[in-house]
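# Remarks on the overall topology
Each chain is listed here by its residues.
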Amino acid sequence: MELESLPDDVVASIEVRDRWRRASAGGGLEFLVTDIARWPLGYTVRVGFLDGDEQLHADIAGATAQITDACNLKLDFGHDEATGTFRRWTTADTSFAADIRVSFDMQGYFSLIGTDSTDGTIGAGGGPVGGNPGQRSLNLGRYAVNRPAQWEGTVRHEFLHALGFHHSHQNMRGTCEGEFRWDDDASYEPTTNADGVFVADAQGRRPGIYTYLAGEPNRWPRAKVDHNLRTEEDPDVVAGPFDPQSVMLYRFPSFFYKSTPSSCAPTGNGQSLSDGDKRGLNLLYPHTAHEVAGLQDRAAAVLRSIGTGTEGLPSSNGGYLGEAYRSRVAALAAAQAAGAH
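Residues numbered from 1 in each chain as written. Predicted model: local features only at pLDDT ≥ 70, side-chain atom pairs only at ≥ 80, totals over all residues. Heavy atoms only, no water.

### With respect to the overall build of the chain
Heads up, the condition is: Secondary structure elements follow DSSP: runs of H or I no shorter than four residues count as helices, runs of E no shorter than two count as strands, and numbering proceeds from the N terminus. Under the scheme applied here, a residue whose accessible area is under 20% of the maximum for its type counts as buried, over 50% as exposed, and between as partly exposed, the area being computed with a 1.4 Å probe on protein chains only. Only heavy atoms enter the contact rule, under which two residues are in contact if any of them lie within 4.5 Å. Throughout, the Shrake-Rupley method with a 1.4 Å probe supplies accessible areas, and for residues the shown protein chains are the sole cover considered.
Broken down by element type, the chain carries 11 helices and five strands. When burial is assessed residue by residue, the chain has 48% of its 341 residues classed as buried. Long-range pairs, those at least 24 residues apart, make up 74% of the contacts in the chain between residues at least 6 apart in sequence. Carbon and sulfur atoms form 51% of the exposed surface of the chain, whose accessible area is close to 15400 Å².

### Some remarks on the packing of aromatic side chains
Worth spelling out the cut-off: Classification of ring pairs rests on two measures: the distance between centres of Phe, Tyr or Trp rings, Trp counted by its six-membered ring, which must be within 6.5 Å, and the angle between planes, read as stacked under 30 degrees, edge-to-face over 60 and tilted in between. We count a charge as sitting over a ring when the NZ of a lysine or the CZ of an arginine lies within 6 Å of the ring centre and within 35 degrees of the ring normal.
Counted according to the given criterion, the structure contains 15 aromatic pairs. The interplanar angle of 85° and the centroid separation of 5.3 Å between the aromatic rings of Phe180 and Trp182 together place this pair among those described as edge-to-face. Accessibility classification places Phe180 together with Trp182 in one group, the buried group. Site record: aromatic cluster; members linked through ring pairs are Phe180, Trp182, Tyr210, Tyr212, Tyr250, Phe252, Phe255, Phe256 and Tyr257. Over the face of the ring belonging to Tyr210 we find Arg222, whose NZ or CZ atom lies 3.8 Å from the ring centre. Its end group placed over the ring of Trp182, Arg230 keeps NZ or CZ at 3.8 Å from the ring centre.

### Description of the state of the cysteines
To keep things clear, this is the line we draw: A pair of sulfur atoms, both from cysteines and within 2.5 Å, is called a disulfide here.
Considering all chains together, one arrives at one disulfide under this definition. The disulfide partner of Cys176 is Cys264, and the S-S distance across this bridge is 1.9 Å. The disulfide joining Cys176 to Cys264 has a torsion of about 95° about its S-S bond and is therefore right-handed. Residue Cys176 is found in helix H6 (residues 176-179), and its partner Cys264 is found in the loop between helix H8 (222-229) and helix H9 (275-284); the two are separated by 88 residues along the sequence. Here Cys176 and Cys264 have matching classes, each one buried.

### Details of the pattern of salt bridges
Definition in use: Note on definitions: salt bridges are taken to be side-chain nitrogens of Lys or Arg within 4 Å of carboxyl oxygens of Asp or Glu.
The full count for this structure, using the stated rule, is 16 salt bridges. Where Arg328 meets Asp119, a salt bridge forms, and the shortest distance between an N and an O atom there is 3.9 Å. One end of the pair, Arg328, is in helix H11 (residues 319-338); the other, Asp119, is in the loop between strand E4 (109-111) and strand E5 (138-140), with 209 residues separating them in the sequence. Given the relative accessible area of 16%, Arg328 is considered buried. Salt-bridge contacts for Glu177 lead to Arg230; the nearest nitrogen and oxygen are separated by 2.4 Å.

See below:
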């Protein structure tokens with residue numbers, strides 16, 4: 001089983017940026033990460049494709065209709081009805097052809113979270129993935145060659161990431177932290193099959209999650225397992241009730257869980273948005289005037305706390321990146337306070 005994961009260098013840059021944000025909160029810059037990870041209310045998010053043919057592009061766009069039907073946001077794929085073509089972007093772009101830049105050429109599945117897709121501090125080293133115009137922000141590996149049977153669910157999963165959603169198995173209100181079999185069965189003898197995947201040994205003892213994911217095809221070190229699977233009680237993330245029917249909940253192999261059936265295992269079909277997913281979308285991108293005004297008021301408060309310069313903000317995190325982080329927060333808060341244009 002191959003799990004989705006952003007490249008390590010991209011994760012590292014996100015973690016540095018998020019540590020700065022949390023430290024800055026103590027110096028007067030008070031906000032929830034989720035508030036500036038969401039796109040502006042009513043905004044039209046432009047989507048572009050690096051590769052793949054027009055039929056694949058049309059199918060991807062169609063699969064996201066469940067998402068936009070449930071919230072106050074639009075996904076614009078740049079469809080030209082006269083030619084049947086969709087918006088494209090290239091790795092040579094120096095300005096944004098699209099907010100969400102989709103590719104099919106890298107291995108696996110991944111997406112940056114929300115407005116990270118246009119954050120130039122992410123992937124600033126020039127790698128293939130990041131928040132700059134010529135970098136991938138969402139990847140659906142091998143779709144241009146061979147789509148999996150339940151490809152629509154994966155598309156919705158990754159696009160929900162791109163709109164600000166996190167994984168359900170890391171929801172602090174869920175049971176997955178205690179339900180996962182992190183460690184090997186006692187006296188397990190490391191055993192792999194012909195593909196390099198860790199499997200049960202001759203005595204039927206099973207590998208734990210750390211061992212299993214260290215093998216093929218993931219080859220994850222312990223820290224990467226923790227980042228992608230462990231639950232964090234993160235005050236900067238809005239977490240609704242744990243939803244076993246969510247498309248954001250992974251369908252793991254049964255040996256990942258301590259009990260059968262597990263309270264952490266999904267009960268949905270993995271394809272369609274659950275009622276909880278739809279409620280989450282309406283929380284991030286509400287339709288009602290009262291809810292919209294509340295989010296705009298919060299964004300305005302963030303903007304006031306930043307001011308017109310750097311007064312009131314900690315200087316110990318200065319330098320180029322500190323200034324870039326401040327500018328990015330100011331721009332996002334201003335867009336949220338103003339609403340869609």
